[in-house]
Amino acid sequence: MENSQPRPEGAVLEELQRLRASIDNLDAALVHLLAERFKCTQEVGRLKAEHRLPPADPEREARQIHRLRSLAEESKLDPVFAERFLNFIIAEVVRHHELIASSMSESRARR
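Residues numbered from 1 in each chain as written. Predicted model: local features only at pLDDT ≥ 70, side-chain atom pairs only at ≥ 80, totals over all residues. Heavy atoms only, no water.

- The name that an unreviewed UniProt entry assigns to the chain is T-protein, with the source organism given as Nonomuraea coxensis DSM 45129.

**Topic: the pattern of salt bridges**
No. 1: By the definition in use, this model includes five salt bridges.
No. 2: The residue Arg69 makes a salt bridge to Glu83 at a minimum N-O spacing of 2.6 Å. Separated by 14 residues along the polypeptide, Arg69 in helix α2 (residues 58-74) and Glu83 in helix α3 (residues 79-110) bring together distant segments of the chain.
No. 3: Here Arg110 makes a salt bridge to Glu106, at a shortest N to O gap of 3.9 Å. Taken together, the residues span about one helical turn, with Arg110 and Glu106 both in helix α3 at a distance of four residues.
No. 4: In this structure Arg110 comes out as exposed when scored by relative accessible area, which is 65%. (Salt bridge = Lys/Arg side-chain N within 4 Å of Asp/Glu carboxyl O. Helix = DSSP H or I, 4+ residues; strand = E, 2+ residues; numbered from the N terminus. Buried < 20%, exposed > 50% of the residue type's maximum accessible area, 1.4 Å probe, protein only.)

**As for the side chain of His96**
No. 1: Of note, His96 is situated in helix α3.
No. 2: Owing to a relative accessible area of 17%, His96 belongs among the buried residues under this scheme.

**A look at α2**
No. 1: Spanning 17 residues, α2 covers 24 Å between terminal C-alpha atoms, matching the ideal 24 Å at 1.5 Å per step.
No. 2: Along α2, the positions that sit buried rather than exposed are Gln64, Ile65 and Ala72. Each buried residue of α2 lies within a common arc of 105° when the element is viewed along its axis, so the set occupies one face. Exposed and oriented more than 90 degrees from the buried face of α2 are Glu59, Arg63, His66 and Glu74.
No. 3: Structurally, α2 contributes buried residues whose contacts are with α3.
No. 4: Lys76 sits one or two positions beyond α2 and adopts a positive phi of about 65°. (Expected span 1.5 Å × (residues − 1). Arc of directions from axis to C-beta. Contact = heavy atoms within 4.5 Å.)

**Description of the packing of aromatic side chains**
No. 1: Here the structure, examined in full by the defined rule, presents one aromatic pair.
No. 2: Their ring planes at 20° and their centres at 6.2 Å tell us that Phe81 and Phe85 sit as a pair that is stacked. Of this pair, Phe81 and Phe85 both sit in helix α3, separated by four residues, roughly a single helical turn.
No. 3: On the basis of relative accessibility, which here comes to 45%, the residue Phe81 falls in the partly exposed class. (Phe/Tyr/Trp six-rings, centres within 6.5 Å; stacked < 30°, edge-to-face > 60°.)

**Some words on unusual backbone geometry**
Trans peptide bonds make up the majority, and among non-glycine residues the majority have a negative phi.
No. 1: The backbone of Arg52 shows a phi angle near 55°, a positive value even though the residue is not glycine.
No. 2: Position of Arg52 among the secondary structure elements: in the loop between α1 (10-50) and α2.
No. 3: Phi is positive for Lys76, which is not a glycine, with a value near 65°.
No. 4: Mapping Lys76 onto the fold places it in the loop between α2 and α3.
No. 5: When its relative accessible area of 75% is taken as the criterion, Lys76 is described as exposed.

What follows is the structure in structure tokens.
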């Protein structure tokens, strides 16, 4: 079957490559930033578990969502997308905090 779409010309291909290289760099930066964020939230989880604080903090989460929505609007990013993204991250952080608390609780019980 023959492809009827025109082939992009050299200049178009170069521009696509340039843009995609930028996207690749941004994706790498996002991964590194998320890794750093999760290192910090792991420390928060350990601190919460040591002091028997709940894994989730709904008031802080609501403040963060409000703050991120505002930042998204200022940055011309869809605030609904920003909120969904942050909710996904928060859910993962809370899951980690629950695992840390469970692990510490089991350690205490064995002593």
